[in-house]
Amino acid sequence: MAYNQSTGSLLVGDLINEDDADTHIDFGSDSITLRTNQTERLVVNNSGCGIGTDSPESLLHIQAGSAGTIATTAGALLTLESNEKPKIHFQSPNAYGGSIV
């Protein structure tokens, strides 16, 4: 890939790794999507940032399975979505840690 060293705008299409065609950076209308193994891993758009979802419902939306038709509460900054109980887990040395369910 060559880079334009001049000032001003540079039009760029989607980027595909020449050594791994399953790895992409897709530039869409008001969005950027990172893909590996043909799967969307991270989406940034006008709604926010989605990990595991292309339709973030809050500033950061992490999805590991669908919660069904339940919607994110208005004003939420973080959405954790799962088809099980979503959990935040903390890890530290000496086996200290814990989870928020």
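Residues numbered from 1 in each chain as written. Predicted model: local features only at pLDDT ≥ 70, side-chain atom pairs only at ≥ 80, totals over all residues. Heavy atoms only, no water.

**Regarding the pattern of salt bridges**
The full count for this structure, using the stated rule, is two salt bridges. E40 is the salt-bridge partner of R35, the closest N and O atoms lying 3.3 Å from each other. According to the relative accessible area criterion, R35 is partly exposed, its value standing at 22%. Overlapping salt bridges bring together D26, R35 and E40 as one network. (Salt bridge = Lys/Arg side-chain N within 4 Å of Asp/Glu carboxyl O. Buried < 20%, exposed > 50% of the residue type's maximum accessible area, 1.4 Å probe, protein only.)

**As for the confidence of the model for the chain**
Of the residues in the chain, 88% reach a pLDDT of 70 or more, and the chain-wide mean stands at 86. Ranking the elements of the chain by mean pLDDT puts strand β1 (residues 15-17) last with 82 and strand β5 (residues 48-51) first with 96. (pLDDT = per-residue confidence, 0-100. Helix = DSSP H or I, 4+ residues; strand = E, 2+ residues; numbered from the N terminus.)

**Comments concerning the pairing of strand β9 (residues 97-100)**
Where strand β8 (residues 88-91) and β9 come together, four bridges link them in antiparallel fashion. Looking across to β9, one finds that H89 is bridged to S99. Between the end of β8 and the start of β9, which pair antiparallel, lie five residues, with N94 showing a positive phi angle near 60°. (Pairing = 2+ DSSP bridges.)

**Some points on unusual backbone geometry**
A positive phi angle, near 50°, is found at N37, a position not held by glycine. Structurally, the position occupied by N37 is in the loop between β3 (31-36) and β4 (39-45). At Q38, a residue that is not glycine, the phi angle is positive and equals roughly 60°.

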